[in-house]
Amino acid sequence: MNTRSKLEDKELEQLERLIRETPIEIDLVNRTMNKYESSRYTKQSESSRTSKKMRQRVMMITASAAMVFSFLFVTSLISPTMAATIKQVPVLSSIFKLAGDLGLQTADEKGLSTKLHTSVTRDDFTLSVSEVVYDGTRVSIAIERSHIENEKETLMDRISDIKLFINGNPLKSFAPDPENSMNGIIIKPGKDKDSAIIEFVDERNQGGRPFPEQFDLTLSTTITGIQDPLKIDIPVENKIEDYVILQPNVSRQYNNIHFTIEKIQFTPITTNITTRTILTDNSPVAELTMGIDVVDERGHKLKLSGGLGSYESNGSNMIMDHRYTPFESIPKTITLKPYIHLFKEYPKGEFQMDENNEPKIQYIPELEVTLPINSQK
Amino acid sequence: MTVLHKSKGNLNLDIKSIVEQVQTGDIHAYTEIIRCFQKPIYIYCYYLLGNKEEAEDASQDIFIKGLENISNFSYTVSFSAWLYKIAHHHCIDLIKKKNKGFKFWTGFKKDHAINHTHRQEFEYDDFIHELLEKLNVDERRILLLRSIEEYSFDEIASIMELKPTTVRKKYERLRKKLMKENKLGGDIYEHSFKTGG
């Protein structure tokens, strides 16, 4: 018996040592101090404001390694020393075409995006922007760095922070509640290790300020190992002329779920559905995690590309924008099929997965809505 | 980096003087603190939260909270114990939010993506994660504090705001949980022990 507990001691010691010696290289110093500096600005401006009700955000990010960056409101911009060189960077193949969602590929093919050759260099690192598109729902930017042989880290790995300014104003100022704005920036992998796509959304459907149809976007990217952020000015223009906006305001009810389709927007590169979900028994809406499948009259299903919702803390009322790939042509009817995700008992909060390693869902047929679409054409 | 190689006694002295420097207003000196504690705090968060990105975010936020509240710190406890207390509260809040569904969309999909691209890095700690999953939150914290910092039960009790006897009991229980199914090398050890090998 004595022997047994001595062995156990030894094994436990082994485990403790393994934990203590977990091999990890990490350098949080710069990021932490930067975050601290930024938050000090926010706190100073907050003290003079009246308190508002906390607005929580929920974001939908689809599978292919999209990451979210947080940025904080900075009242005084550090005056930038713009990078040394602006030079021409040849673009061999469009990042949107090879890596973007179907909408971005379409944008590239149909000439709805703006092609650019702008770049900035600092400390031998050259970042360039090759393409940008805005269709009233989201802005997508294709970025690249000059190729380095044997570089193990992807461009995404090297980006530690992103700040965006529209006509000089921080992106946050367009959010419905700038003081409590969640980051709204997504970065997705590009066609290779040296490219990526940055995306952020217009929050007009949730009480935010719409972006201007045309504006100057300043992209400020912090690269690991480089002290000052790299800044690039990008001219953004909504070149879309053919789009359809519907405001059906159709509702369905099932148990405690009151579900309304407030707005549907078809652009050639995005389908955006704005919904409002109210839980009539005042239970917290954030726990519902409802999604919607979108299908046309032929059963063709759109692919989800992202989403953003907002609700009040512990509230039971959520407004959400769901974004999908575009339809090739405006369909005769569309059917919206709400579903909930199925969760495991343990570990709590994890999705149950099906045999294709996709999250398991359950449709709620009572909430389904089919709408005839009257095309403008 | 230089601080890490000194003996524990000297280390404590250095930290003390750095903390005092920061408390007098030298914010930049705090970077030394981060350098010194970032690895253990990160490991603690990583094994508690189960996710590298969350652990990175949490670690940054913990250091920031430490800096913001540094004027409230006095040497009734060691600075690292104080930092672990902050880490504890921060991680518990995150875990609670996670269970409420707040981070479903962001947290899950990121994990999913990361698992696919960083398969090799995970092999080292897959085994540790499996074992940790058998434990409840308190047991995990005790094991982590003991593993990472080799704290005594008294020190752990002070960080977790529990009685030392409670901590000992939980430690015994967690040990039993871990050993129950872990037959790894049990027979071999026994044999060599008996024959004096």
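Residues numbered from 1 in each chain as written. Chains lettered and ligands numbered in written order. Predicted model: local features only at pLDDT ≥ 70, side-chain atom pairs only at ≥ 80, totals over all residues. Heavy atoms only, no water.

(A) Quick look at the overall build of chain A. Within chain A, the secondary structure is distributed over 5 helices and 21 strands. By the burial criterion, 51% of the 377 residues in chain A qualify as buried. Taking the intrachain contacts of chain A between residues at least 6 apart in sequence as the baseline, contacts between residues at least 24 apart amount to 67%. On chain A, roughly 18400 Å² of surface is accessible, and the fraction owed to carbon and sulfur atoms is 48%. (Helix = DSSP H or I, 4+ residues; strand = E, 2+ residues; numbered from the N terminus. Buried < 20%, exposed > 50% of the residue type's maximum accessible area, 1.4 Å probe, protein only. Contact = heavy atoms within 4.5 Å. Areas by Shrake-Rupley, 256 points an atom, 1.4 Å probe, with all protein chains shown as cover.)

(B) Structural detail: the overall build of chain B. From N to C terminus, chain B includes 10 helices and 0 strands. Mapped from its N terminus to its C terminus, chain B presents α and β elements in the order α-α-α-α-α-α-α-α-α-α. Each of the 197 residues in chain B was classed as buried or not, and the buried ones make up 48%. Nonlocal contacts in chain B, meaning residues at least 24 apart in sequence, comprise 63% of its contacts between residues at least 6 apart. Total accessible area on chain B stands at roughly 10300 Å², and carbon and sulfur atoms take up 53% of it.

(C) The arrangement of the packing of helix α2 (residues 30-49) of chain B against helix α7 (residues 137-149) of chain B in detail. Residue and element names in this part refer to chain B. Contact geometry for α2 and α7: axes closest at 10 Å, N-to-C directions at 155 degrees. Classified by the interaxial angle, the pair formed by α2 and α7 is roughly antiparallel. For the pair α2 and α7, the sense of crossing is right-handed. Taking contact as the criterion, the partners of P40, I43, Y44, Y47 and L48 in α2 are, on α7, R140, R141, L144, L145, I148 and E149. (Axes fitted to C-alpha atoms, helices over the stretch in contact; angles between N-to-C directions. Parallel < 35°, antiparallel > 145°, perpendicular 65-115°, else oblique. Left-handed = near helix turned anticlockwise from the far one by under 90°.)

(D) Just the nonpolar core, in detail. By size, the foremost hydrophobic cluster in this structure holds 66 residues, and its most contacted members are I19 of chain A together with Y30, F37, I41, F79, L143 and L178 of chain B. No other element matches the 14 residues that α2 of chain B contributes to this core. Beyond its immediate sequence surroundings of up to four residues, L178 of chain B is in contact with L12 and L15 of chain A together with L131, L135 and L143 of chain B. Listed in part, the 33 residues of the second largest apolar core include V129, M156, I187 and L219 of chain A. (Core = buried A, V, L, I, M, F, W, Y, C linked by side-chain atoms within 4.5 Å.)

(E) Expanded view of the sheet that holds strand β6 (residues 159-166) of chain A. Residue and element names in this part refer to chain A. Taken in spatial order, the 4 strands make up an open sheet running β7-β6-β10-β11, and their pairing is antiparallel. Strands with a single pairing partner mark the edges of an open sheet, and in this sheet they are β7 (169-170) and β11 (230-237). Pairing of β6 with β7 involves 2 bridges; the strand directions are antiparallel. Looking at the pairing, I166 lines up with N169 of β7. (Pairing = 2+ DSSP bridges.)

(F) Fine view of helix α4 (residues 102-109) of chain A. Within α4 of chain A the residues assigned to the buried category are G103, L104, T106, A107 and D108 of chain A. Following α4 of chain A by one or two positions, G111 of chain A adopts a phi angle in the positive range, close to 70 degrees.

(G) Seen up close, unusual backbone geometry. Even without a glycine there, the phi angle at N255 of chain A is positive, about 50 degrees. By the secondary structure assignment, N255 of chain A is in the loop between β13 (250-254) and β14 (257-266). At E161 of chain B, a residue that is not glycine, the phi angle is positive and equals roughly 60 degrees. Along the chain, the position of E161 of chain B falls in the loop between α8 (153-160) and α9 (164-180).

(H) Highlighting the pattern of salt bridges. Scanning all chains against the criterion turns up 21 salt bridges over all chains. Of the charged contacts, one joins K16 of chain B and E20 of chain B as a salt bridge, the two residues approaching to 3.7 Å between their closest N and O atoms. Residue K16 of chain B and its partner E20 of chain B are located together in helix α1 (residues 8-23), separated by 4 residues, close to a single helical turn. For K16 of chain B, a relative accessible area of 36% translates into the label partly exposed. Residue classification places E20 of chain B among the partly exposed positions, given a relative accessible area of 41%. Here the salt bridges share partners, and the residues they tie into one network are R138, K188 and E199 of chain A. (Salt bridge = Lys/Arg side-chain N within 4 Å of Asp/Glu carboxyl O.)

(I) Highlighting the confidence of the model for chain B. Residue and element names in this part refer to chain B. Across chain B, pLDDT averages 75, with 70% of residues at or above 70. Low confidence marks residues 1-6, where pLDDT is under 50. Its contacts with residues over four positions away, or in another chain, come to 7 contacts. Note on residues 183-197: pLDDT under 50 across the span, and 12 contacts to partners over four residues away in sequence or across chains. For this predicted complex, the interface confidence comes out at an ipTM of 0.75, alongside a pTM of 0.53. (pLDDT = per-residue confidence, 0-100.)

(J) Representation of the pairing of strand β5 (residues 138-145) of chain A in the model. Residues and elements named next belong to chain A. Burial analysis of β5 places 8 of its 8 residues in the buried class, which makes it a mostly covered element. A two-sided burial pattern is seen for β5, the buried positions comprising R138, S140, A142 and E144 on one face and V139, I141, I143 and R145 on the other. Pairing between strand β4 (residues 125-134) and β5: 7 bridges, direction antiparallel. Bridge assignment links S128 to a residue of β5, and that residue is E144. Hairpin connection between β4 and β5: a loop of 3 residues separates the two successive antiparallel strands, and G136 in this loop has a positive phi of roughly 95 degrees.

(K) A look at the side chain of Q265 of chain A. Residues and elements named next belong to chain A. Among the secondary structure elements, Q265 is positioned in strand β14. Look at Q265 and you get buried, because its relative accessible area is 7%. If near-sequence neighbours (up to four positions away) are discounted, Q265 is found in contact with D135, T137, V244, I245, T270, T271 and N272.

(L) Just the packing of aromatic side chains, in detail. Tallied over the full model, the rule gives 17 aromatic pairs over all chains. Arranged with centres 5.8 Å apart and planes meeting at 65 degrees, the rings of Y134 of chain A and F215 of chain A form a pair that is edge-to-face. Taken together, the residues span a long stretch of sequence, with Y134 of chain A in strand β4 and F215 of chain A in strand β10 (residues 214-223) at a distance of 81 residues. The same class applies to Y134 of chain A as to F215 of chain A, namely buried. An aromatic cluster of at least three residues, connected via ring pairs, comprises Y134, F174, F200, F211 and F215 of chain A. Note that K337 of chain A overlies the ring of Y363 of chain A, its terminal NZ or CZ placed 4.6 Å from the centroid. Lying over the aromatic face of Y75 of chain B, K16 of chain B brings its terminal NZ or CZ to 5.2 Å of the ring centre. (Phe/Tyr/Trp six-rings, centres within 6.5 Å; stacked < 30°, edge-to-face > 60°. Lys NZ or Arg CZ within 6 Å of the ring centre and 35° of its normal.)

(M) Main features of α7 of chain B. Residue and element names in this part refer to chain B. Under the 1.5 Å per step criterion, the end-to-end length of α7 is 18 Å for 13 residues, consistent within 8% with the ideal 18 Å. A side-chain oxygen of the first residue of α7 lies 3.1 Å from the backbone nitrogen of D138; this N-cap is N136. Positive phi shows up at E150, right after α7, with a value of about 55 degrees. (Expected span 1.5 Å × (residues − 1). Polar contact = N/O pair within 3.5 Å; in protein donor to acceptor, adjacent residues only side chain to side chain.)

(N) Representation of the packing of α2 of chain B against helix α3 (residues 52-68) of chain B within the structure. Residues and elements named next belong to chain B. The geometry of α2 relative to α3 is characterised by a closest axis approach of 8 Å and an angle of 135 degrees between their N-to-C directions. Between α2 and α3, the angle falls in the class oblique. In this structure, the crossing between α2 and α3 has a hand that is right-handed. Contacts between α2 and α3 pair Y30, I33, I34, F37, Q38, I41, Y42, C45, Y46 and L49 from the former with K52, E54, A55, E56, A58, S59, I62, F63, G66 and L67 from the latter. Counted by class, the contact of α2 with α3 contains 14 nonpolar, 3 polar and 3 charged residues. (Nonpolar A, V, L, I, M, F, W, Y, C, P; charged D, E, K, R; others polar.)

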